[in-house]
Amino acid sequence: MLFNRVLITGANGLLGQALVHRLSQNREYDVLATARDDAPRFEDGSCGYAPLDVTQPDDVAQIFEDFTPNVVVNCAAMTDVGRCDEHRSEAWAVNARAVKTLAKHCRTSGARLVQVSTDFVFNGKRGPYDEQARPDPVNYYGRTKLAGENAVREAGRANWAIVRTVLLYGTGRDLRRSNIVLWVADQLSQGESLHIVDDQHRTPTHVDDLADGIERLLHHEATGIYHVSGADMVSVYELAGAVAQEFGLDASLVEPVPSSFFEDAVERPPRTGFVIDKARDELDYDPRPLDAGLRDVQESLQGFSGS
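Residues numbered from 1 in each chain as written. Predicted model: local features only at pLDDT ≥ 70, side-chain atom pairs only at ≥ 80, totals over all residues. Heavy atoms only, no water.

**Student:** Sorry, what's going on with the sheet that holds strand 4 (residues 71-74) here?
**Tutor:** Backbone-to-backbone hydrogen bonds pair the strands of a sheet. The strands run either parallel or antiparallel. What the 7 strands build is an open sheet, ordered 3-2-1-4-5-6-11; its pairing is parallel. In this open sheet, the two strands that pair with only one neighbour each are strand 3 (48-51) and strand 11 (224-227). Across the sheet, the axes of successive neighbouring strands diverge by a mean angle of 20°, strand direction being ignored. Where strand 4 lies against strand 5 (residues 112-118), 4 bridges are found, and the strand directions are parallel. Within strand 5, the residue paired with N74 across the bridge is Q115. Contacting strand 4 and strand 5, helix 4 (residues 88-109) runs over the sheet at an angle of about 160° to strand 5. Sitting on the sheet, helix 5 (residues 140-152) touches strand 5 and strand 6 (160-165), and the angle it makes with strand 5 is about 160°. (Pairing = 2+ DSSP bridges. Helix = DSSP H or I, 4+ residues; strand = E, 2+ residues; numbered from the N terminus. Axes fitted to C-alpha atoms, helices over the stretch in contact; angles between N-to-C directions. Contact = heavy atoms within 4.5 Å.)

**Student:** So what exactly am I meant to see when it comes to the packing of aromatic side chains here?
**Tutor:** Geometrically, a pair of aromatic rings is defined through the distance of the ring centres and the angle of the planes. Going through the model one piece at a time under the given rule, you end up with 6 aromatic pairs. Geometrically, the ring pair formed by F42 and Y49 is edge-to-face, given 6.4 Å between the ring centres and 70° between the ring planes. Given the relative accessible area of 10%, F42 is considered buried. The ring of F67 has R5 sitting right over it, with the charged end atom 4.4 Å from the ring centre. In this structure, K278 is placed above the aromatic ring of Y226, and the distance from its NZ or CZ to the ring centre is 4.2 Å. (Phe/Tyr/Trp six-rings, centres within 6.5 Å; stacked < 30°, edge-to-face > 60°. Buried < 20%, exposed > 50% of the residue type's maximum accessible area, 1.4 Å probe, protein only. Lys NZ or Arg CZ within 6 Å of the ring centre and 35° of its normal.)

**Student:** Explain the nonpolar core to me, please; I cannot follow it from the model alone.
**Tutor:** Buried together is how nonpolar side chains tend to be arranged in soluble globular proteins. Ranked by internal contacts, the top residues of the largest apolar core, which has 40 residues, are I8, L15, L19, V73 and I214. If you list the elements that add at least two residues to this core, you get strand 1 (4-9), helix 1 (14-24), strand 2 (29-35), strand 4, strand 5, strand 6, helix 7 (207-220) and helix 9 (277-283). Setting aside residues no more than four positions away along its own chain, L15 makes contact with C75, V116, L168, V207, L210, A211 and I214. (Core = buried A, V, L, I, M, F, W, Y, C linked by side-chain atoms within 4.5 Å.)

**Student:** What is the right way to read the pattern of salt bridges from this model?
**Tutor:** For side chains of opposite charge, pairing can occur when their charged atoms come near one another. On inspection of all chains with the given rule, the structure shows 17 salt bridges. D37 is the salt-bridge partner of R176, the closest N and O atoms lying 2.8 Å from each other. Taken together, the positions of R176 in the loop between strand 7 (168-169) and helix 6 (180-189) and D37 in the loop between strand 2 and strand 3 put the pair 139 residues apart, joining distant regions of the chain. For the salt bridge of K100 with E154, the shortest nitrogen-to-oxygen distance reads 3.4 Å. One end of the pair, K100, is in helix 4; the other, E154, is in the loop between helix 5 and strand 6, and 54 residues separate them in sequence. We classify K100 as partly exposed; its relative accessible area is 44%. Exposure remark for E154: the relative accessible area of 34% places this residue in the partly exposed category. Each of the salt bridges in this network shares a partner with another, and the network as a whole consists of R22, D212, E215 and R216. (Salt bridge = Lys/Arg side-chain N within 4 Å of Asp/Glu carboxyl O.)

**Student:** Just to check I follow, could you spell out the packing of helix 2 (residues 57-67) against helix 4 for this structure?
**Tutor:** Any two packed helices are characterised by the angle at which their axes cross and by the distance between the axes. Running from N to C, helix 2 and helix 4 cross one another at 30°; their axes reach a closest spacing of 10 Å. Regarding the angle of helix 2 to helix 4, the classification is roughly parallel. The interaxial crossing formed by helix 2 with helix 4 has right-handed handedness. On helix 4, the residues touching P57, V60, A61 and F64 of helix 2 are T101, L102, H105, C106 and S109. Tallied by class, the residues present in the contact of helix 2 with helix 4 amount to 6 nonpolar, 3 polar and no charged. (Parallel < 35°, antiparallel > 145°, perpendicular 65-115°, else oblique. Left-handed = near helix turned anticlockwise from the far one by under 90°. Nonpolar A, V, L, I, M, F, W, Y, C, P; charged D, E, K, R; others polar.)

So this is what it looks like as structure tokens:
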């Protein structure tokens, strides 16, 4: 095979930008980045760009016809848990039905489908989870993502992979959504005090590590489910404290509270996090420690402000 023609959906999001940056520098790949916006939000990807709303089947069909991808990496998703709960039809359209459409085209064309999924497919009673664990989502976002996973399998035998990740953080250009690390740093730098839950535990994931894991998966042509996250299990409160420490901000502004403090909040799994042995063994995946990841974010933020 001369080139892997890789179609990336949701390319203007945090993960999409990191993947475009990584894959477009590799001569193995001919990349077409797509997202709902008319133009790319990133500047440094040497790849094509086309507007695409994955919830429009005719537009998806046209992209497959024009670009004929060998590989589709689906980063398009609605990930705001509260918003998914309030706007259920929209969440289902993006996170479940659109995946079914992509899977159908991949099956017809023989392309591989790599779907990005989440720790929120689990109920959080017995984390950290390995790939054998049984999904049991506790909120609508998790249910839509699990439905997306189930749709992926329709792409055909051995022609799909699901990459689940946990609490993604990092920097990108002109992002529609912030992430917890950027949000905590921004609030603390303005002297805002924060109530942060101390009874939810995660293995936070630097976006560049996830992009690296996905590139390795493409390179190895791996199939099946892979858990790709950070290795350090922390409470969300501990994560906020670590952000304060690495960024030189006032940690005393961060106050621990139980999840019940937020009375109207959508239910979230208490303890997820991942066992990443399979990704380590089969893909040579090696995520950076949390403190190094936070330091990387701080340095790239300084780079943005200086550019």
